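Fold and geometry: a report
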Amino acid sequence: QIELISNEENKTWLVDICNEGDLFGARAVLAGGDYATSARAKGEALVLAISADKIKDLAAVEVQFAHYFAVNFATTLPFRAKNLQETIRRSENTLD
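I will try to describe carefully the structure that is included in this document. (Residues numbered from 1 in each chain as written. Predicted model: local features only at pLDDT ≥ 70, side-chain atom pairs only at ≥ 80, totals over all residues. Heavy atoms only, no water.)

This next bit is on the sheet that holds strand β2 (residues 11-18). Here we have three strands laid out as an open sheet, ordered β2-β1-β3, and antiparallel in their pairing. In the strand order of this sheet, the two ends are held by β2 and β3 (38-41), each with one partner. Adjacent strand axes in the sheet meet at a mean angle of 35°, parallel and antiparallel pairs treated alike. In the sheet, strand β1 (residues 2-8) pairs with β3 via four bridges, with the strands oriented antiparallel. Among the inter-strand pairings, glutamate 3 is bridged to a residue of β3, identified as arginine 40. (Pairing = 2+ DSSP bridges. Helix = DSSP H or I, 4+ residues; strand = E, 2+ residues; numbered from the N terminus. Axes fitted to C-alpha atoms, helices over the stretch in contact; angles between N-to-C directions.)

Shown next, in the form of structure tokens:
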């Protein structure tokens, strides 16, 4: 698992949890913004980094690539929200 965390006021807050096959950071790249959280692995993990320019180039010329991101974001949002709520309840949202 990869934890997406935010550090504010000397506390570390859990924002989301990514599992095998999940993406993180691409929304910020496609929206032209900065990624507002940090990521840390909870054990062994293989994380592939794709440059922002490469993601933008692929999304601009490959319809299937852009469609994948649109569908992935739309379909996983309700699941991620529910999963995050459950995680927050279990961990009281504080990791420090």
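This part is about the pattern of salt bridges. Per the stated rule, a full pass over the model turns up two salt bridges. Between glutamate 3 and arginine 40 there is a salt bridge, with the nearest N and O atoms lying 2.9 Å from each other. Of this pair, glutamate 3 sits in strand β1 while arginine 40 sits in strand β3, and the two are 37 residues apart along the sequence. Exposure remark for glutamate 3: the relative accessible area of 7% places this residue in the buried category. Accessibility expressed as a relative area gives 32% for arginine 40, which makes it partly exposed. In this structure, the salt-bridge partner of glutamate 3 is lysine 42, at a minimum N-O distance of 3.7 Å. With glutamate 3 in strand β1 and lysine 42 in the loop between β3 and α2 (52-61), the pair connects residues that are 39 residues apart, well separated along the chain. (Salt bridge = Lys/Arg side-chain N within 4 Å of Asp/Glu carboxyl O. Buried < 20%, exposed > 50% of the residue type's maximum accessible area, 1.4 Å probe, protein only.)

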